[in-house]
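# A look at the structure
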Amino acid sequence: MLEDLLEGAGRSIVFGLVGIGLMAVGYLLIDVLTPGKLRDLIFVERNPNASLLLAANQLGISAIVFTAIFTSYDSFGQGLASTVLFGLIGIVIMGAAFLVLDWMTPGKLGDVICTPERHGGALVSAASHFGAALIVCACIA
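Below is a summary of the structure that appears in this document. Keep in mind that what you see is a predicted model, and the values were worked out from it rather than measured.

Further remarks concern the overall build of the protein. When helices and strands are counted, the protein shows 6 helices and 0 strands. Listing each helix as α and each strand as β along the protein from the N terminus yields α-α-α-α-α-α. With respect to the principal axes defined by its C-alpha atoms, the protein has extents near 55 × 30 × 20 Å. Across the 141 residues of the protein, 39% fall into the buried class. Sequence separation of at least 24 residues holds for 74% of the intrachain contacts in the protein that already meet a minimum separation of 6. Entry remark: accessible area of the protein is about 8,100 Å², with carbon and sulfur atoms responsible for 72%. Here the protein carries 6 positive and 10 negative side-chain charges, and the mean point of each set is 9 Å from the other.

See the structure below:
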């Protein structure tokens, strides 16, 4: 019983670190897609648009990681590999969703995200990110 508990705790640590790593990659994606430094936009300038987009990105990646773990293979190695794979696929799809939305809207979506006033385009972009993540979640399950 103690052995099962320790094994579960070890898996939690590994999956937690993988999830945090994927969330960090998602952060970098948003930083690349938006002009300026994301950390300054959110934590210095308190930009609501950039904050909303990053929050949707992080929640989306978390949903993908959760779904991948929850539906994980019996084998720890296969479950870990599928979590990493689907997490990276989700990040790529979210980036593609941003680029498609950018192509479909007037101006540059990154500039809209960086405006200091709340902008409806940021809400649409956040929904697009989270929706793309949910699509990946459905593919896992």
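If you walk through the whole model with that rule in mind, you get 2 aromatic pairs. Centre to centre, the rings of phenylalanine 15 and phenylalanine 76 are 5.6 Å apart; their planes meet at 85°, and the pair counts as edge-to-face. Taken as a pair, phenylalanine 15 in helix H1 (residues 2-33) and phenylalanine 76 in helix H4 (residues 76-104) lie far apart in primary sequence, 61 residues in all. A residue is classified by how much of its surface remains accessible, and phenylalanine 76, at 27% relative accessible area, is partly exposed. Geometrically, the ring pair formed by phenylalanine 66 and phenylalanine 70 is stacked, given 5.5 Å between the ring centres and 15° between the ring planes. One end of the pair, phenylalanine 66, and the other, phenylalanine 70, are both in helix H3 (residues 48-70), 4 residues apart, so they sit about a helical turn from each other. This pair shows no difference in class: phenylalanine 66 is exposed, exactly as phenylalanine 70 is.

Formed by 31 residues in total, the largest nonpolar core has its most connected members in Ile64 and Ile113. Taken together, the elements giving at least two residues each to this core come down to H1, helix H2 (38-43), H3, H4, helix H5 (109-114) and helix H6 (120-140). Examining the composition of this core, we find that 8 residues originate from one element, H3, more than from any other. With residues near it in sequence (within four places) discarded, isoleucine 113 still touches Thr34, Asn47, Asn49, Ala50, Leu53, Phe98, Ala122 and Ser125.

So, how was this worked out
Residues numbered from 1 in each chain as written. Predicted model: local features only at pLDDT ≥ 70, side-chain atom pairs only at ≥ 80, totals over all residues. Heavy atoms only, no water. Helix = DSSP H or I, 4+ residues; strand = E, 2+ residues; numbered from the N terminus. Buried < 20%, exposed > 50% of the residue type's maximum accessible area, 1.4 Å probe, protein only. Contact = heavy atoms within 4.5 Å. Areas by Shrake-Rupley, 256 points an atom, 1.4 Å probe, with all protein chains shown as cover. Lys, Arg positive; Asp, Glu negative; His and termini not counted. Charge placed at Lys NZ, Arg CZ, Asp CG, Glu CD. Phe/Tyr/Trp six-rings, centres within 6.5 Å; stacked < 30°, edge-to-face > 60°. Core = buried A, V, L, I, M, F, W, Y, C linked by side-chain atoms within 4.5 Å.

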